[in-house]
Amino acid sequence: MVKQNYAIIGLGRFGGSICQTLIAGGAEVLVIDKDEARVNDYKNIATQAIIADAQDENTLRSLGIRNFDHVVIAIGEDIQASILVTLMVKELGVKYITAKAQNEYHARVLTKLGANKVVHPERDMGIRIGRNLLSKNMLDYLDLSPEIKVAEIKITQNFLIGKSLMELDFRKNFALNVIAVRRNKKIEISPAPSEALNLNDSLLVVGLKKDVEHFSQLMDR
């Protein structure tokens, strides 16, 4: 399998976290930042760490930015720099661009400039924490689309405990599909229909958002 190669422009907490995750996954990663101290922090982590101003088109060209499979523009507070670098990277022929946005207006501009994916890490984390505070038994979740959600939900109600997945028939009774069970830190993928649930097991379920949230609310009672 051919390794994917990535370039990350901006080494704040967001860009740095992406770098560490990609490297751990076996990818090749170039990181670029004009802050020498930040670059030095990643010299022994990234495949290559470069001190450079990404707002200089000649610098991007000399680094061969167009040859990377994926470029992540993780520039922090400087919206003007983020917009300029996105424009230049797109014009230089990068196939796939992920860009960090500070607000909705910034996101719209990045999208119009050709960013394939725009992320709002601070906003999304705030939403995630808020939802976790509202639902103490929804341990984690992922929105697959505006309508579909995957969530890990802890089992707390007596009417579920000791019963098998076949008896409970989640698809019929809750409009959900159970794709995994976590028990004592171990995860069982595609659990058997005869699998009986225990108190504080957690289920990984997928379904419509309204159905996932309804089931989570049942566990919060």
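Predicted model only: the values in this text are computed from it and were never measured.

As for the pairing of strand 9 (residues 177-183)
Within a regular strand, the side chains alternate between the two sheet faces.
Here is step 1 of the chain: Pairing geometry for strand 9 and strand 11 (residues 202-208), over five bridges, is antiparallel. When the bridges of strand 11 are listed, Arg 182 appears paired with Ser 202.
Here is step 2 of the chain: Sheet analysis places strand 9 next to strand 10 (residues 186-189), joined by four bridges and oriented antiparallel. Residue pairing for strand 10: Ala 180 is matched across the bridge by Ile 189.

So, the domain arrangement of the chain
When the parts come together, some accessible area is lost, and that loss is often what is quoted as the size of the interface.
Here is step 1 of the chain: For the chain, the assigned domains read domain 1 (5-121) and domain 2 (135-220).
Here is step 2 of the chain: Centre-to-centre, using C-alpha coordinates, domain 1 lies 37 Å away from domain 2.

Re the side chain of Ser 82
Here is step 1 of the chain: By secondary structure assignment, the location of Ser 82 is in helix 4 (residues 79-91).
Here is step 2 of the chain: Here Ser 82 falls in the buried class, since its relative accessible area comes to 0%.
Here is step 3 of the chain: A polar side-chain atom of Ser 82 sits 3.0 Å from a polar atom in the side chain of His 106.

Focus on the packing of helix 4 against helix 5 (residues 104-113)
Here is step 1 of the chain: In the contact formed by helix 4 and helix 5, the axes pass within 9 Å of each other and the chain directions differ by 15°. With respect to their mutual orientation, helix 4 and helix 5 come out roughly parallel. The handedness of the crossing between helix 4 and helix 5 comes out as right-handed. Across the interface between the two elements, Ile 79, Ser 82, Ile 83, Thr 86, Leu 87 and Lys 90 of helix 4 pack against His 106, Val 109, Leu 110 and Leu 113 of helix 5.
Here is step 2 of the chain: Classifying every residue of the contact of helix 4 with helix 5 gives six nonpolar, three polar and one charged.

Quick notes on the packing of aromatic side chains
Here is step 1 of the chain: Per the stated rule, a full pass over the model turns up three aromatic pairs.
Here is step 2 of the chain: Taking 5.4 Å as the distance between ring centres and 70° as the angle between the ring planes, the aromatic pair formed by Phe 170 and Phe 215 counts as edge-to-face. Placement of the pair is Phe 170 in helix 8 (residues 170-173) and Phe 215 in helix 9 (residues 209-220), with a sequence separation of 45 residues. Accessibility assignment for this pair places Phe 170 and Phe 215 in one class, buried.
Here is step 3 of the chain: With a centroid separation of 5.1 Å and an interplanar angle of 65°, the aromatic rings of Phe 174 and Phe 215 are classed as edge-to-face.

Conventions we followed
Residues numbered from 1 in each chain as written. Predicted model: local features only at pLDDT ≥ 70, side-chain atom pairs only at ≥ 80, totals over all residues. Heavy atoms only, no water. Pairing = 2+ DSSP bridges. Helix = DSSP H or I, 4+ residues; strand = E, 2+ residues; numbered from the N terminus. Domains from an automatic or database assignment. Buried < 20%, exposed > 50% of the residue type's maximum accessible area, 1.4 Å probe, protein only. Polar contact = N/O pair within 3.5 Å; in protein donor to acceptor, adjacent residues only side chain to side chain. Axes fitted to C-alpha atoms, helices over the stretch in contact; angles between N-to-C directions. Parallel < 35°, antiparallel > 145°, perpendicular 65-115°, else oblique. Left-handed = near helix turned anticlockwise from the far one by under 90°. Contact = heavy atoms within 4.5 Å. Nonpolar A, V, L, I, M, F, W, Y, C, P; charged D, E, K, R; others polar. Phe/Tyr/Trp six-rings, centres within 6.5 Å; stacked < 30°, edge-to-face > 60°.

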